[in-house]
Amino acid sequence: MTLLWLSRQLWRHRVKGLLVTLVVTVVLMLLAIQSLQPDRNRRPTAEKRTSHEDDRRAAATTDVRPIPEDPGKARPHTSTRGHPTESKRRRPPPLAFLKIHKTGSSTVQNLLFRLGEKEKAAFAFPYYTYQFAYPERFRSQFVDELPEGAAQFDILCSHMRLDLAQLRQVMPQNTVFFTLLRDPVRTFESVFSYFTATVPAFAQAKAAAAVARKSALSVFLESPESFWDPGEIRNGLAKNPMCFDLGLNSQGWNASWPEDLAQLEDAFQLVMIAEHFDESLVLLGALLGLDHEDLAYVRLNARSAGSVATLDEGTVGRLRSWNALDVLLYDFFLQLFWEKAELYGLDRLERDAALLREAAERLRQTCVARRGVPPGDLEDLLRPWQTDTATVVGYELRANLSQQQQGRCVRLTLPELQYHAHLYFLQYGRDMRSAPTH
């Protein structure tokens, strides 16, 4: 049993022994000092692991070249106690981002990955693979160990199904909680497109559609109850997927819903809205003390135009009806979003969003030679994970980038799985563990 493990357990269970806490604190400080020694730059050899059937995404990171260094990026100065000291701006507080499926969350996650790598943050990563045992509810034991020399986790932004009480056991008390919602109709269409082959209800509809010679989505929406088994947890995304990821009852309205929404409102300092993405980032920047350059982005994990379904009015109506709780959730937080926007100042928000778009466009002009590139034309490092039923496009970088530009541009366009694996190796000096077989 290591001292780091002991200190983590004491923190989780809130053992209030002052003497023990002081001893553990001193030990952590000594370990932090030791972590500054030069031999921490050694990269141990880690064995190659194959992906598990339940997480085929791991294959996307196999045999990719190393991510180039970014020698020009700012690094926080470090004091003798191992903690960053004040430089040009304050260090952001601890962050927990609930990454909800198909809302644009991969773009936000990339921003947080870049920020965390720049700040040498301690990431709360899943113990296995890229997700916190999804679709099970989040539990603190799903998180890997606190990295050597760190006193706390700074950023958590991997996929999970939310359990607030368990999440608060992992992250510090001053953590900023935020998430991103998207119009429920477009969210469900995207969820269906990505996971047609893996969500049982969708797969059954796809089989029926082959016989009927219709689209799988239209067949599903004609009689969704005939395909959907609420007792099958892998069907969680098949109805009200945003509610499911937020840990709410996604199967139907019940008396606890008003209280559950109120708890989410209290827990999340910001709920971003995908249809107002730049304005959402401005509010996030104000919350975290980030500038426009920190928030510059390109949209990641986007599908090709041919993978996006055209929806007529009848289909839109059926989608809203089937996902009525997601509609309620979205409308509730959309109203709260505009209340926060008004407090910020609508004119000010519009000006700052325009400045953010300008900063993002400058970065794209520097980095991107071609967007919407099909996966077959992309090198392994920049190729997004592909599903059986959707084509995910990526970016081709400009040639003749300087070393500093290349480091920054690769990170800007790096798909989720590759960046996740890169940061995990930097933090722990080993490859991610494969999911256990059953």
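In what follows, the structure referred to is the one given above.
Residue numbers run consecutively from 1 along every chain, following the written order of its sequence. In keeping with the model being predicted, local features are shown solely for residues with a pLDDT of at least 70 and side-chain atom pairs are shown and tallied solely at 80 or more, while totals for entire chains, interfaces and linings include all residues. For the side-chain quantities, the full set of heavy atoms in the structure was used; hydrogens and water were omitted.

Caption draft 1: Geometry of the overall build of the protein chain. The helix and strand tally for the protein chain stands at 16 helices and 6 strands. Only protein chains enter the area calculation, which uses a 1.4 Å probe; residues under 20% of their type maximum are buried, those over 50% are exposed, and those in between are partly exposed. Burial statistics for the protein chain: of 438 residues in total, 52% are counted as buried. When contacts within the protein chain are restricted to residue pairs at least 6 apart in sequence, those whose partners lie at least 24 apart make up 77%. Roughly 21,200 Å² of accessible area belongs to the protein chain as shown, and the carbon and sulfur atoms make up 51% of that amount. Counting from the N terminus, the helices are the DSSP runs of H or I reaching at least four residues and the strands are the DSSP runs of E reaching at least two. We call two residues in contact whenever any of their non-hydrogen atoms come within 4.5 Å of each other. Reported accessibility uses the Shrake-Rupley method at a 1.4 Å probe radius. Residues are deemed covered only where the shown protein chains occlude them.

Caption draft 2: Local environment of a negative patch on the surface. On the surface, Glu265, Asp266, Glu339 and Glu342 cluster together into a negatively charged patch. Where the negative patch is concerned, the elements lending two or more residues are helix H9 (257–267) and helix H13 (324–344). For patch detection, residues must exceed 30% relative accessible area and be free of salt bridges, and they are connected within 9 Å for like charges or within 5 Å for nonpolar side chains (Val, Leu, Ile, Met, Phe, Trp, Tyr). Any carboxyl oxygen of Asp or Glu that lies within 4 Å of a side-chain nitrogen of Lys or Arg is treated as forming a salt bridge with it. Two residue types count as positive, namely Lys and Arg, and two as negative, namely Asp and Glu; His and chain ends fall outside the count. The atom standing in for a charge is NZ when the residue is Lys, CZ when it is Arg, CG when it is Asp and CD when it is Glu.

Caption draft 3: Just the state of the cysteines, in detail. Here, the term disulfide refers to a pair of cysteine sulfur atoms separated by no more than 2.5 Å. Applying the stated criterion to the full structure yields 1 disulfide. The disulfide bridge from Cys367 ends at Cys409, spanning 2.0 Å between sulfur atoms. Here the disulfide of Cys367 and Cys409 is left-handed, its torsion about the S-S bond being about -70°. Separated by 42 residues along the polypeptide, Cys367 in helix H14 (residues 346–367) and Cys409 in helix H15 (residues 403–413) bring together distant segments of the chain. Comparing Cys367 with Cys409, the two get one shared label, buried.

Caption draft 4: Quick look at the nonpolar core. By nonpolar core we mean a set of buried residues, namely Ala, Val, Leu, Ile, Met, Phe, Trp, Tyr and Cys, connected to one another through side-chain atoms within 4.5 Å. Membership of the largest hydrophobic core comes to 94 residues, with the highest contact counts inside it found for Phe178, Leu181, Leu246 and Leu329. Looking at this core element by element, the count peaks at 8 residues for H13. Contact partners of Phe178, with chain neighbours within four places excluded, come to Leu95, Ala96, Phe97, Leu98, Val108, Leu112, Phe268, Leu270, Met272 and Leu284. Within the second largest apolar cluster, 26 residues are counted, among which are Val219, Leu237, Leu319 and Trp322.

Caption draft 5: Layout of the environment of Leu381. In this fold, Leu381 is placed in the loop between strand S5 (368–373) and strand S6 (394–397). Spatially, the C-alpha atoms of Leu381 and Thr413 are 9.7 Å apart, while their sequence positions differ by 32 residues.

Caption draft 6: Summary view of the sheet that holds strand S2 (residues 155–156). Overall, parallel pairing links the 4 strands, which are arranged S2-S1-S3-S4 in an open sheet. Either end of the sheet is taken by a strand with one partner, and the two such strands are S2 and strand S4 (270–273). What makes two strands pair is DSSP finding at least two bridges between them. Inspection of the sheet shows strand S1 (residues 95–98) paired to strand S3 (residues 176–181) by 4 bridges, in the parallel sense. Each residue of the ladder has a partner; that of Phe97, found in S3, is Phe178. An axis is simply a line fitted to the C-alpha atoms; with a helix, the fit covers only the stretch in contact. Between two such axes, the angle follows the N-to-C directions and lies from 0 to 180 degrees. Across the sheet, helix H3 (residues 105–119) touches S1, S2, S3 and S4, and the angle it forms with S1 is around 160°. Along the sheet face, helix H10 (residues 277–288) touches S1, S3 and S4 and points at about 155° away from the line of S4.

Caption draft 7: Highlighting the packing of aromatic side chains. Pairing of aromatic rings covers Phe, Tyr and Trp, the last through its six-membered ring, and needs centres within 6.5 Å; plane angles under 30 degrees mean stacked, over 60 mean edge-to-face, and all others mean tilted. Under the counting rule described, the total for this entry stands at 23 aromatic pairs. Plain terms: the ring middles of Phe125 and Tyr424 are 5.8 Å apart, the flat faces sit at 50° to each other, and that makes the pair tilted. You can see Phe125 sitting in the loop between H3 and S2 and its partner Tyr424 sitting in helix H16 (residues 416–428), a full 299 residues away along the chain. Overall, the relative accessible area of 1% leaves Phe125 in the buried class. Given the relative accessible area of 1%, Tyr424 is considered buried. A centroid spacing of 6.2 Å and a plane angle of 45° characterise the contact between Tyr194 and Phe195, whose relative ring orientation is tilted. For the pair Tyr194 and Phe195, a shared accessibility class is recorded, and that class is buried. Members of the aromatic cluster, each reached through a chain of ring pairs, are Phe188, Phe192, Phe202, Phe220, Phe227, Trp228 and Trp322. Directly above the aromatic system of Phe177 lies the positively charged group of Arg168, at a separation of 5.9 Å from the ring centroid. Geometrically, a lysine NZ or arginine CZ counts as sitting over a ring once it is within 6 Å of the ring centre and also within 35 degrees of the ring normal. Positioned over the ring face of Trp322 is Lys239, at 4.4 Å from the centre of the ring.

Caption draft 8: Spatial organisation of the pairing of S3. The buried count for S3 comes to 6 of 6 residues, which makes it a mostly enclosed element. The side-chain alternation of S3 yields two buried faces, one formed by Val176, Phe178 and Leu180 and the other by Phe177, Thr179 and Leu181. Across 4 bridges, the pairing between S3 and S4 is parallel. Residue pairing in the sheet places Leu180 in a bridge with Met272 of S4.

Caption draft 9: Quick look at the environment of Gly306. Among the structural elements, Gly306 can be located in the loop between helix H11 (292–295) and helix H12 (313–322). Note on Gly306: relative accessible area 78%, which makes it exposed.

Caption draft 10: Focus on the pattern of salt bridges. Within this structure, the stated rule accounts for 20 salt bridges. Across the salt bridge formed by Arg139 and Glu136, the nearest N and O atoms sit 3.4 Å from each other. For Arg139, a relative accessible area of 33% corresponds to the partly exposed category. On the basis of relative accessible area, Glu136 is assigned to the partly exposed category, the value being 36%. For the salt bridge of Arg357 with Asp278, the shortest nitrogen-to-oxygen distance reads 3.2 Å. Taken together, the positions of Arg357 in helix H14 and Asp278 in helix H10 put the pair 79 residues apart, joining distant regions of the chain. Residue Arg357 is classed as partly exposed on the basis of its relative accessible area, which comes to 36%. Because the salt bridges share partners, they merge into one network encompassing Asp144, Glu145, Arg430 and Arg433.

Caption draft 11: Local environment of H10. Between the first and last residue of a helix there are one fewer steps than residues, each counted as 1.5 Å, and that sum is the expected span. Given a rise of 1.5 Å per residue, 12 residues ought to cover 16 Å, and the 16 Å separating the end C-alpha atoms of H10 matches this to within 8%. Extensive coverage of H10 is indicated by the burial of 10 of its 12 residues. Along H10, the positions that sit buried rather than exposed are Phe277, Asp278, Glu279, Ser280, Leu281, Val282, Leu283, Leu284, Gly285 and Leu288. Directly after H10, the chain includes Gly289, whose backbone phi takes a positive value near 75°.

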